[in-house]
Amino acid sequence: MQQRTIGSVQVSAIGLGGMPMSIEGRPDRARSIATIHASLDAGVTLIDTADAYHLHADEVGHNESLIAEALSSYGQNTDDVLVATKGGHLRPGDGSWTIDSSPAHLREAVEGSLSRLGVDAIGLYQLHRPDPHGVPYAESVGTLGELLDEGKIRMAGISNANPAQIREAQEVLGGRLASVQNQYSPAYLSSRPELDLCSELGIAFLPWSPLGGIKNASGLGSGHTPFQEVADARGVSPQQICLAWMLQTSSVVIPIPGSSRPETATASAQAVDLTLTDDEVKKLDSIL
């Protein structure tokens, strides 16, 4: 599969987002593991997760444990697979999402993630979201820097950040910011300034919900007709066209579409083989 770079690590140009396998509406464990294995079969070497990807209050890290199980049961070498996880979000179990990006919580969260993933150091650890409860952003990001220095994480990233926060994180980390993970899709284009800044700085940009999210991905073509028109002409899905379009936007873009079925995981990975013409890109760019 085509490769792209996060920090100094080469990964597949399209990753796998693990969240749908662990939150509301999740499939059974066997299908989830089959989905992860299908992605690995297709050449995916980036899997994104978070300790907050769970449903009930007593199962923190459900998705991390699921991914660790899938990797250990795969039957082939998975040393080249980068598991990226996140800390700073919490799920009390009532369906809500809360935030604690304090240094103390992040340190506790990292230890839990290390244990569940069964590793000595986390490949890519990301601040899940800025804390609105009085925790200075520099303190949260600074904790990632300390964890880098201590060898508990190999690379540091941020998520749901604006351009000013990206620049601040890069400064706090002394130029070691490896990735930015923001929502970006045809239905959610407001992160384009962050994507462009990452291109300028040479930082990997990981669009989450690149197909519009769990509830909306199936309707991408009907909601954004240029993608359906290009897909019909190519004989592929509008979702694959969307991922190919993102890949051609910038060399730093690595989409991480979520999947909960082996077929969709395989189809997403196959989008790397699509090269759009200039006219097709122009047609798709009309949504900007």
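Here's what I pulled together on the structure shown here.

What counts and what doesn't
- Residues numbered from 1 in each chain as written.
- Predicted model: local features only at pLDDT ≥ 70, side-chain atom pairs only at ≥ 80, totals over all residues.
- Heavy atoms only, no water.
- Pairing = 2+ DSSP bridges.
- Helix = DSSP H or I, 4+ residues; strand = E, 2+ residues; numbered from the N terminus.
- Contact = heavy atoms within 4.5 Å.
- Axes fitted to C-alpha atoms, helices over the stretch in contact; angles between N-to-C directions.
- Polar contact = N/O pair within 3.5 Å; in protein donor to acceptor, adjacent residues only side chain to side chain.
- Phe/Tyr/Trp six-rings, centres within 6.5 Å; stacked < 30°, edge-to-face > 60°.
- Buried < 20%, exposed > 50% of the residue type's maximum accessible area, 1.4 Å probe, protein only.

1. Regarding the sheet that holds strand S5 (residues 82–87)
Spatial ordering of the open sheet is given by S3-S4-S5-S8-S9-S10-S11, a layout of seven strands whose pairing is parallel. Sheet topology places strand S3 (16–17) and strand S11 (204–208) at the edges, where each strand pairs with a single neighbour. As judged from the five bridges shared by strand S10 (residues 177–183) and S11, these two strands associate in the parallel manner. Bridge pairing in S11 links Gln 181 to Leu 206. Strands S10 and S11 of the sheet are contacted by helix H6 (residues 192–201), whose axis makes an angle of about 155° with S11.

2. Details of the side chain of Asn 63
Along the chain, Asn 63 falls in helix H2 (residues 62–72). Among the polar contacts listed, one links the side chain of Asn 63 to the backbone oxygen of Gly 18, at a separation of 2.8 Å. A distance of 2.9 Å separates the side chain of Asn 63 from the side chain of Ser 22, its partner in a polar contact. In contact with Asn 63, not counting residues within four places along its chain, are Gly 18, Met 19, Met 21, Ser 22, Asp 48, Thr 49, Ala 50 and Tyr 53.

3. Brief notes about the packing of aromatic side chains
Applying the stated criterion across every chain, the model contains four aromatic pairs. Aromatic side chains Tyr 53 and Trp 97 sit 6.5 Å apart centroid to centroid with 75° between the ring planes, which places their arrangement in the edge-to-face category. Of this pair, Tyr 53 sits in the loop between strand S4 (46–48) and H2 while Trp 97 is found in the loop between strand S6 (89–90) and strand S7 (98–99), placing the two residues 44 residues apart along the sequence. For Tyr 53, a relative accessible area of 6% gives the class buried. Note on Trp 97: relative accessible area 34%, which makes it partly exposed. A centroid spacing of 6.5 Å and a plane angle of 15° characterise the contact between Tyr 184 and Trp 245, whose relative ring orientation is stacked. Of this pair, Tyr 184 sits in the loop between S10 and H6 while Trp 245 sits in helix H9 (residues 238–249), and the two are 61 residues apart along the sequence.

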